[in-house]
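Single-letter residue listing:
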Amino acid sequence: MQTCGGQASSALACELPVTRYEKEIVDVVKKNDVVVIIGETGSGKTTQISQILHHAGSTEFGVIAITQPRRVAAVSVARRVASEMKVCLGEEVGYSIRFEDRTSEKTRIKYLTDGCLLREFLSDAELKQYSVIILDEAHERSLNTDILLGLLKRLCGRKSPDLKIVITSATLEGEKFSTFFFGCPVMKIPGKLFPVEILYSTQEPVNYIESAVQTALEIHTQKGPGDILLFLTGKEEIEKAIMKLEDRIRQLEEGSCMDAIILPLHASLEPELQVRVFTPSPPSCRRIIVATNIAETSLTVDGVVFVIDPGVVKQHQYSPMTGMYSLVVVKISRVQATQRAGRAGRTRPGKCYRLYTEAVFENELPPVTMPEIQRSSLAGAVLHLKSLDLKDINVLEFEYLDPPSRSSLEDALQKLFIIDAIQEDGSITHLGRRMAVLPLEPSLSRMLLAAEEAGCLSEALTIAAMLSCESLFLPSPKKSASHKRDLEFKSLPDGMGLGDHIQLLQIYEKWHEDGYNAEWCKEHGVKIRSMMFAREVRRQLSQIMKWEDKGLSRYRRKDPKMLALRKAICTGFSNHLAHRMQQHNGFRTLGAKTHLVQIHPSACSMEVDDDGLLPEWVVYNELVNVGRPFIRNVCAVKGSWCQPALMKLSKLSVTKLGGAQSSTLPSVEKEQKVEKPAIEPLSATQKDLVA
Ligand code: CDP
Ligand code: MG
């Protein structure tokens, strides 16, 4: 049985800056439809504003929604608030993230990812169940939050008069939100941040991990008490740094300094391990928390006195020109650097060690972080907007806080056109509408719909569910994961060599045959948690698609169903086609721009012909740039299946060829200046696509 909250001390909450402004917050929300609240990270915006409004009666006629850009944060703060309110999680206080809903009839305060709220617009365009929407962590400028800003702005204009909107931000960008919302009031909550001394490096480090570890050790051995927060870019780096730290601390002379507890903090950490960072350190013990930028604003770790900031962050960057995602380590912005430093001064004066020079800070760090909308693929967002039937606007005129580039929108529209989500005249198709309802990337949704028609939905559901897992395979110490995986599954009689999708299907089916056994997972090097997640996702997707599960059955390689399944995968990913070179195993991607790529080494081994050549045609999930362009999650398909997509592609390029600029899509800037009509005339097709 679950025990209800109650362990958390509410004494802490009473001291938070936000709680001291309880009356003012209630007042300003009562008097205004939209309010921006700015407060330092850790001042209590996420955990307290919802409770304050709840106690003031805001939940009598509706639920308070608080959006979070990150899943981890939604779960962790909901848990915290439930415990502060001494209620069971999922009752008065709950959360909803993709594929996991922990709310009930009783829920009055609901933490949810911004993506989830966006999805709710589909079933209720006026969000009638809510009395207050708190767009939290707006400074993070996630793609979904940016789209929500635009949608909520539209809602304010026409709205049900009772909906209140609160936008919270940890940075002064708050003013920008206010301008966007017709100059709504901005309430600034003074933080009680202690002074933080900034110490710059005198030279750029050769290796920032090494330099960070060294700095942490120096602090640990030479400075007084206080926890250390060290920012790195990802899980691997964190694990590496922790190993180094543990090693070197072990070598210190016993009793020469206090004990150290070293803790990782990143989004893919198991939830039980995540909560450890919220437990204060025992006396005469120093915690060293090695975190990704999740600790920059989303999660506040108390007790930190020393911050080590190497000045970098790992960022997904999508280039609409190449259709390629790259996960790159980039310099943080000055706003981020300030945020990171601030983490050191929460309980008493602190120090921030910047592992870069002052000149770099001044001259090389960009002033603000680039919003996600300007560095993501927009296919999903555009499909969403199209499916909302915002009749009075087209996607280019939609009010974005910072508009995405014209090429991004163009890229999204083309992708959607190729997978039949929109027609040539830009209107959303019946298929497109059904795709928008599924909580998946458009291509995966399209694959499911094609599979439904071809009678192989059960298998496609499994594939979609397996692809929704973040990481499936346990790290294998010796050989590369793919090698191990191939060994493990070599014994499968059929279907090998057709690609990753089919292999994922087979892994799931084997697990199913084995009675969803945990031991089986261990033996085969897959994560049980991920498999359970896939099973749950599969169940939910089946429900949404009204698919009655009659159990799984395995298919032979030559089974017509296997062929139908691959064809469905091809239809879904037909905007991600690649054709093999004649003489070697390089591939050329097809699209508005083509690229020479290789199949990513993590892919399962594909079947080769007598000349050692891979299948001639493949579709892929992702095109990534990791030093070189690679395609990932690949499925062998037949050339004849690609014809419809190729036809559409050629149509697009024909329109493009129709004369320099004149036939391309209008630029966003031009479209948004309503007073000035677009100078360049559009071709009929282009005009329609954007409508
Ligand atoms: O949103 P904001 O950054 O303004 O602050 P918050 O997330 O509401 O955090 C307020 C306080 O609650 C901080 O001192 C956090 O450390 C604490 N907290 C916690 O102990 N456990 C959580 N899961 C969330 C917050
Ligand atoms: Mg917060």
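Please read these numbers as outputs of a predicted model, since none were measured by experiment.

### Focus: the overall build of the protein
And then number 1: Within the protein, the secondary structure is distributed over 26 helices and 21 strands.
And then number 2: Looking at the 691 residues of the protein, the share that counts as buried comes to 45%.
And then number 3: Put simply, of all contacts in the protein between residues at least 6 apart along the chain, 74% involve residues at least 24 apart.

### Re the nonpolar core
And then number 1: Within the largest apolar cluster, 174 residues are counted, with the highest numbers of intra-cluster contacts made by Leu230, Ile289, Val382 and Ala460.
And then number 2: Beyond its immediate stretch of four places on either side in the chain, Leu230 contacts Ala212, Ala216, Ala241, Ile288, Ile289, Val290 and Ile308.

### Examining the site of ligand 1
And then number 1: If you check the shell around ligand 1, you find 16 residues, and the closest are Lys45, Thr46, Thr47, Arg80 and Thr300.
And then number 2: Broken down by secondary-structure element, the contributors of at least two residues to the shell around ligand 1 are α4 (45-55) and α5 (71-84).
And then number 3: The biggest single contributor to the shell around ligand 1 is α4, with 4 residues.
And then number 4: Classifying every residue of the shell around ligand 1 by side-chain character gives 3 nonpolar, 10 polar and 3 charged.

### Some thoughts on the UniProt feature "domain: Helicase C-terminal" (unreviewed entry) in the protein
And then number 1: Under the feature "domain: Helicase C-terminal" (unreviewed entry), the UniProt entry names residues 211-389.
And then number 2: Spanning residues 211-389, this segment combines 31% helix with 26% strand, and its end C-alpha atoms are found 53 Å apart.

### Notes on the sheet that holds strand β12 (residues 285-291)
And then number 1: Strand order in the open sheet formed by 6 strands is β9-β16-β13-β10-β12-β11, and the pairing between neighbours is parallel. The strands lining the two open edges of the sheet, one partner per strand, are β9 (196-200) and β11 (259-265). Taken pair by pair, the neighbouring strands of this sheet meet at an average axis angle of 20°, ignoring direction.
And then number 2: Relative to strand β13 (residues 304-309), strand β10 (residues 227-231) runs parallel, the two sharing 4 bridges. Along β13, the bridge assignment pairs Asp227 with Val304.
And then number 3: Against the sheet, helix α9 (residues 208-222) contacts β10, β11, β12, β13 and β16 (350-354), and its axis sits at roughly 175° relative to β10.
And then number 4: The sheet strands contacting helix α12 (residues 334-342) are β9, β10, β13 and β16, and the helix crosses β13 at an angle near 150°.

### Topic: α4
And then number 1: Counting buried positions along α4 gives 9 out of 11 residues, so the element sits mostly inside the fold.
And then number 2: Residues of α4 that are buried: Lys45, Thr46, Thr47, Gln48, Ile49, Ser50, Gln51, Leu53 and His54.
And then number 3: Looking at the residues trailing α4, positive phi occurs at Gly57, about 100°.

### Notes on the environment of Leu614
And then number 1: One can find Leu614 in the loop between β19 (596-599) and β20 (617-626).
And then number 2: Looking at Leu614, the number of C-beta atoms within 10 Å reads 22, which means it is buried.
And then number 3: Leu614 sits 16 residues away from Phe630 along the chain, and the two C-alpha atoms are 15 Å apart.
And then number 4: Among all residues touching Leu614, those that are not within four sequence positions of it are Arg580, Asn585, Met606 and Val608.

### Examining the packing of helix α18 (residues 457-467) against helix α20 (residues 500-513)
And then number 1: Between α18 and α20, the shortest axis-to-axis distance is 9 Å and the interhelical angle comes to 95°. When the interaxial angle is binned, α18 and α20 end up roughly perpendicular. The segment α18 lies against α20, with Glu459, Thr462, Ile463, Met466 and Leu467 engaging His501, Leu504, Leu505 and Tyr508.
And then number 2: Partitioning the contact of α18 with α20 into residue classes produces 6 nonpolar, 2 polar and 1 charged.

### Details of the sheet that holds strand β2 (residues 63-68)
And then number 1: Taken in spatial order, the 8 strands of this open sheet run β4-β3-β5-β2-β6-β7-β1-β8, and their pairing is mixed. Pairing within the sheet leaves two strands with one partner each, and these edge strands are β4 (100-102) and β8 (186-189). The mean angle between the axes of side-by-side strands here comes to 20°, regardless of whether they run parallel or antiparallel.
And then number 2: Pairing of strand β3 (residues 93-97) with strand β5 (residues 109-113) involves 4 bridges; the strand directions are parallel.

### Details of the packing of helix α3 (residues 22-31) against α4
Between two packed helices, what matters for the description is the angle formed by their axes and the separation of those axes.
And then number 1: Following both chains from N to C, one finds α3 and α4 inclined at 70°, their axes separated by 10 Å at the closest point. The angle between α3 and α4 places the two elements in the roughly perpendicular class. In this structure, α3 crosses over α4, and the sense of that crossing is right-handed. Where α3 approaches α4, its residues Glu22, Ile25, Val26 and Val29 are matched on the opposing element by Ile49, Ile52 and Leu53.

### Side note on the environment of Ala421
And then number 1: Tracing the chain through its elements places Ala421 in the loop between α15 (406-418) and α16 (430-437).
And then number 2: Residue Ala421 is classed as buried on the basis of its 29 C-beta neighbours within 10 Å.
And then number 3: The sequence separation of Ala421 and Leu269 amounts to 152 residues, and the corresponding C-alpha distance is 36 Å.
And then number 4: Look past the residues within four positions of Ala421 in its chain and what remains in contact with it is Leu383, Leu416, Ile428, Thr429, Leu431, Gly432, Met435 and Pro442.

### Points about the environment of Glu197
And then number 1: Among the structural elements, Glu197 can be located in strand β9.
And then number 2: Owing to 12 C-beta atoms within 10 Å, Glu197 belongs among the exposed residues under this scheme.
And then number 3: Remark: the alpha-carbon pair of Glu197 and Leu245, spanning 48 residues in sequence, is separated by 24 Å.

### Let's talk about the pairing of β5
And then number 1: Burial analysis of β5 places 5 of its 5 residues in the buried class, which makes it a mostly covered element.
And then number 2: Because side chains alternate across β5, one face comprises the buried residues Ile109, Tyr111 and Thr113, and the other comprises Lys110 and Leu112, equally buried.
And then number 3: Where β2 meets β5, 5 bridges bridge the pair, whose relative direction is parallel. Within β5, the position partnered with Ile64 by the bridge is Ile109.

### A word on α16
Structural remark: α-helix, 3.6 residues per turn; residues separated by three or four positions point the same way.
And then number 1: Every buried residue of α16 is listed here: Gly432, Met435 and Ala436. Here the buried residues of α16 occupy an arc of 100° about the axis, which is enough to place them on one side.

### Overview of unusual backbone geometry
And then number 1: Here the phi dihedral of Phe182 falls at roughly 55°; this positive angle occurs in a residue that is not glycine.
And then number 2: Mapping Phe182 onto the fold places it in the loop between α8 (174-180) and β8.
And then number 3: Of the residues examined, Phe182 has 11 C-beta atoms within 10 Å and is grouped as exposed.
And then number 4: The backbone phi angle of Asp420 is positive, close to 65°, even though this residue is not glycine.
And then number 5: Tracing the sequence through the fold places Asp420 in the loop between α15 and α16.

### Observations regarding the confidence of the model for the protein
And then number 1: This prediction gives the protein a mean pLDDT of 85; 87% of its residues lie at or above 70.
And then number 2: This stretch, residues 5-13, has a pLDDT under 50; its non-local contacts, to residues over four places away or in other chains, come to 16 contacts.
And then number 3: Throughout residues 654-691 the model reports pLDDT below 50, and contacts reaching past four residues in sequence, or to other chains, amount to 53 contacts.

Cut-off values and rules
Residues numbered from 1 in each chain as written. Chains lettered and ligands numbered in written order. Predicted model: local features only at pLDDT ≥ 70, side-chain atom pairs only at ≥ 80, totals over all residues. Helix = DSSP H or I, 4+ residues; strand = E, 2+ residues; numbered from the N terminus. Buried ≥ 20, exposed ≤ 12 C-beta atoms within 10 Å, placed from the backbone. Contact = placed C-beta atoms within 7 Å. Core = buried A, V, L, I, M, F, W, Y, C linked by C-beta atoms within 7 Å. Near = placed C-beta within 6 Å. Nonpolar A, V, L, I, M, F, W, Y, C, P; charged D, E, K, R; others polar. UniProt positions renumbered as here; feature names shortened; annotations may be inferred. Pairing = 2+ DSSP bridges. Axes fitted to C-alpha atoms, helices over the stretch in contact; angles between N-to-C directions. Parallel < 35°, antiparallel > 145°, perpendicular 65-115°, else oblique. Left-handed = near helix turned anticlockwise from the far one by under 90°. Arc of directions from axis to C-beta. pLDDT = per-residue confidence, 0-100.

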